[in-house]
Amino acid sequence: MSTVQELLDANEKYSKSFGDKARLAMPPARHFAILTCMDARLDPAKYAGLREGDAHVIRNAGGRVSDDAVRSLVISHKLLGTNEWFVVHHTDCGMETFTGEVMRDLLERSLDTAVIDERGWHDVGKTPGSSEGEFIDWLTIDDQDRSVVRDVQRLRSHPLVPGYIPIFGYVYDVKTGRLREVPAATEAGRAAH
Ligand SMILES: [Zn+2]
């Protein structure tokens, strides 16, 4: 069966038991937002106990505070009333396996999927590459705790983020499913009053 068909079959089942979720309000009922990585092993609804309508979950590669993550979080608070934010990075993140320079080089060689071995990433593609990767900040991670702290600091000092929103920093362990607080991040994200 094709991926498209599998997806549509799963959706058909889901919509059959949709029930009273039709009555959910747009603003998150539990007034918080999570920024986390897109890694397929992470399911924020499960690791944080969310149901539809509960919270905003913003995801990108690494769960980094990119300009677009800021955009989403500012909308989340300003228009939809979230007032506590969680930044959740995780162990064994793919963003730790390369640097911006490596990514630019891989993309310049080809656009096809690269391979990784004990010596790092290698391009094996056949299509032409592009130098456009030069213009993207890939926001790679060299230390999970430090990236969580930096991201919380960026939000805390952002002019569009009010001081009264507490921002918490965690690392999710892909081996145990457990969230570990990064105290320096939570400290940096403490609400001003
Ligand atoms: Zn990740």
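Everything here concerns the structure above.
Here we summarise the structure given alongside this text. It should be emphasised that the depicted structure is a prediction, and the values quoted were computed from it without experimental measurement.

Looking at the coordination of the zinc ion
Each donor-metal-donor angle would ideally measure 109.5 degrees in four-coordinate tetrahedral geometry, or 90 or 180 degrees in six-coordinate octahedral geometry.
1) Next: Protein ligation of the zinc ion involves Cys37 (SG), His90 (NE2) and Cys93 (SG), the donor distances falling in the range 2.0 to 2.3 Å.
2) Next: Binding-site remark: the zinc ion is held by donors from one chain whose sequence spacing is C-x52-H-x2-C. Note that cysteine 37 is positioned in strand β1 (residues 32-37) and histidine 90 in strand β3 (residues 84-90), a separation of 53 residues in sequence.
3) Next: Accessibility expressed as a relative area gives 1% for histidine 90, which makes it buried.

Quick word on helix α3 (residues 67-78)
1) Next: Along its 12 residues, α3 runs 16 Å from first to last C-alpha, staying within 8% of the 16 Å computed at 1.5 Å per residue.
2) Next: Of the positions making up α3, those classed as buried are Ala69, Val70, Ser72, Leu73, Val74, Ser76 and His77.

Some remarks on the nonpolar core
Grouped burial of nonpolar side chains is what soluble globular proteins tend to show.
1) Next: Counting 20 residues, the largest nonpolar core has Leu73, Trp85, Leu155 and Ile167 as the members making the most contacts within it.
2) Next: Looking at this core, the elements with two or more residues in it are β1, α3, β3, α5 (144-156) and β6 (167-172).
3) Next: Setting aside its immediate chain neighbours within four residues, tryptophan 85 contacts Ala33, Leu73, Val74, His77, Leu155, Val161, Ile165, Pro166, Ile167 and Phe168.
4) Next: Core analysis: the next-biggest nonpolar cluster, separate from the first, contains 16 residues, Leu42, Cys93, Phe98 and Tyr172 among them.

Looking at the environment of histidine 77
1) Next: Along the chain, the position of histidine 77 falls in helix α3.
2) Next: For the pair formed by histidine 77 and glutamate 118, sequence separation is 41 residues and the distance between their alpha carbons is 43 Å.
3) Next: Residues in contact with histidine 77, not counting those within four places in the same chain, are Thr82, Trp85, Pro162, Tyr164 and Ile165.
4) Next: In terms of polar contacts, histidine 77 uses its side chain to reach the side chain of tyrosine 164, at 3.0 Å.

What about the pairing of β3?
1) Next: Along β3, five of the seven residues are buried, which leaves the element largely enclosed by surrounding structure.
2) Next: Summarising the sheet, β1 and β3 pair through five bridges and their orientation is parallel. Along β3, the bridge assignment pairs threonine 36 with valine 88.
3) Next: Alignment of β3 against β6, held across six bridges, turns out to be parallel. Considered in β6, the bridge of phenylalanine 86 is made with phenylalanine 168.

Some remarks on the packing of aromatic side chains
1) Next: Evaluated as defined, the whole model comprises five aromatic pairs.
2) Next: With centroids separated by 6.4 Å and ring planes inclined at 40°, the aromatic side chains of phenylalanine 86 and tyrosine 170 adopt a geometry described as tilted. Here phenylalanine 86, found in strand β3, pairs with tyrosine 170, found in strand β6; they are 84 residues apart in sequence, far enough to count as distant.
3) Next: Since its relative accessible area comes to 22%, phenylalanine 86 is described here as partly exposed.
4) Next: Taken together, the aromatic side chains of Phe32, Phe86, Phe168 and Tyr170 make up a single cluster linked through ring pairs.

Points about unusual backbone geometry
1) Next: One non-glycine residue with positive phi stands out, namely aspartate 92, at about 55°.
2) Next: Mapped onto the elements of the fold, aspartate 92 is located in the loop between β3 and α4 (100-109).
3) Next: The backbone phi angle of leucine 139 is positive, close to 50°, even though this residue is not glycine.
4) Next: When you line up the elements, leucine 139 lands in the loop between β5 (120-122) and α5.

Definitions and limits used
Residues numbered from 1 in each chain as written. Predicted model: local features only at pLDDT ≥ 70, side-chain atom pairs only at ≥ 80, totals over all residues. Heavy atoms only, no water. Donors = N, O, S within 2.8 Å, 3.2 Å for Na, K, Ca; no water. Helix = DSSP H or I, 4+ residues; strand = E, 2+ residues; numbered from the N terminus. Buried < 20%, exposed > 50% of the residue type's maximum accessible area, 1.4 Å probe, protein only. Expected span 1.5 Å × (residues − 1). Core = buried A, V, L, I, M, F, W, Y, C linked by side-chain atoms within 4.5 Å. Contact = heavy atoms within 4.5 Å. Polar contact = N/O pair within 3.5 Å; in protein donor to acceptor, adjacent residues only side chain to side chain. Pairing = 2+ DSSP bridges. Phe/Tyr/Trp six-rings, centres within 6.5 Å; stacked < 30°, edge-to-face > 60°.

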